[in-house]
Amino acid sequence: MLEWLKEPEINFPSQLEHGGFEHGVCVGQIQAKAGLTQSTVSEYLSILQRAGFIEAKRVGQWTYYKRNEGAFEALSKLIQSNL
C-alpha cells in the first residue's frame, strides 16, 4: 500500500475521473486494488497512520490517505546515520 501511495496517479488511475489526488487516495480505491475486505484494509491503514507513514483526511463521508514523505525522509536519514 505504501508503494501504491507513492505514485497514486499510476496506481489509482480511476480516481482521476473523480477529482484527482488533492486529498490523497480514497479508501475505496485502496480496498478495490488490494482485493481485501474493508475492515482489513482499514486496519492496515490505521497501523500505517499510527506509525506516521501515512496521513488521513476526511472529506464528507470519504477518507483519503497519502504518504507522509517527511517520515520516510527522516527514516532514511536515521538508517544512513546509524547503520
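Fair warning: this is a prediction, and the values are worked out from it, not measured in the lab. (Residues numbered from 1 in each chain as written. Predicted model: local features only at pLDDT ≥ 70, side-chain atom pairs only at ≥ 80, totals over all residues. Heavy atoms only, no water.)

## So, the nonpolar core
Grouped together as the largest cluster of nonpolar side chains are 11 residues: Leu-5, Phe-12, Phe-21, Val-25, Val-27, Ile-30, Val-41, Leu-45, Leu-48, Ile-54 and Tyr-65. For this core, the secondary-structure elements that each account for two or more residues are α3 (27-34) and α4 (38-50). Top element by residues in this core is α4. It accounts for three residues. In this view, Leu-48 contacts Leu-2, Phe-53 and Ile-54; residues no more than four positions away in its chain are not counted. (Core = buried A, V, L, I, M, F, W, Y, C linked by side-chain atoms within 4.5 Å. Buried < 20%, exposed > 50% of the residue type's maximum accessible area, 1.4 Å probe, protein only. Helix = DSSP H or I, 4+ residues; strand = E, 2+ residues; numbered from the N terminus. Contact = heavy atoms within 4.5 Å.)

## Side note on the UniProt feature "domain: HTH arsR-type" (unreviewed entry) in the protein
Summarizing the sequence annotation, UniProt attributes the feature "domain: HTH arsR-type" (unreviewed entry) to residues 1-83 in the numbering used throughout. For residues 1-83, the end-to-end C-alpha separation is 26 Å, with 53% helix and 17% strand making up the annotated structure. (UniProt positions renumbered as here; feature names shortened; annotations may be inferred.)

## Notes on the pattern of salt bridges
Tallying each qualifying case throughout the model produces one salt bridge. Glu-69 is paired through a salt bridge with Arg-67; the nearest N and O atoms lie 2.7 Å apart. The exposure class of Glu-69 is partly exposed, given its relative accessible area of 35%. (Salt bridge = Lys/Arg side-chain N within 4 Å of Asp/Glu carboxyl O.)

## As for the sheet that holds strand β2 (residues 54-59)
Within the open sheet, the three strands sit side by side as β1-β3-β2. Their pairing is antiparallel. Both edges of this open sheet fall to β1 (25-26) and β2, since each of them pairs with a single strand only. Relative to strand β3 (residues 62-67), β2 is paired through six bridges, and the arrangement is antiparallel. If you follow Ile-54 over to β3, its bridge partner there is Arg-67. Each of β2 and β3 touches α4; the most contacted strand, β2, lies at about 120 degrees to it. (Pairing = 2+ DSSP bridges. Axes fitted to C-alpha atoms, helices over the stretch in contact; angles between N-to-C directions.)

## Remarks on α3
Of all the positions in α3, only Val-27, Gln-29 and Ile-30 are classed as buried. Looking straight down α3, one finds its buried side chains confined to an arc of 160 degrees; they lie on one side. If you follow the buried residues of α3, they end up packed against α1 (2-6), β1, α4 and β3. Downstream of α3 by a residue or two, Gly-35 has a phi angle that is positive, lying close to 70 degrees. (Arc of directions from axis to C-beta.)

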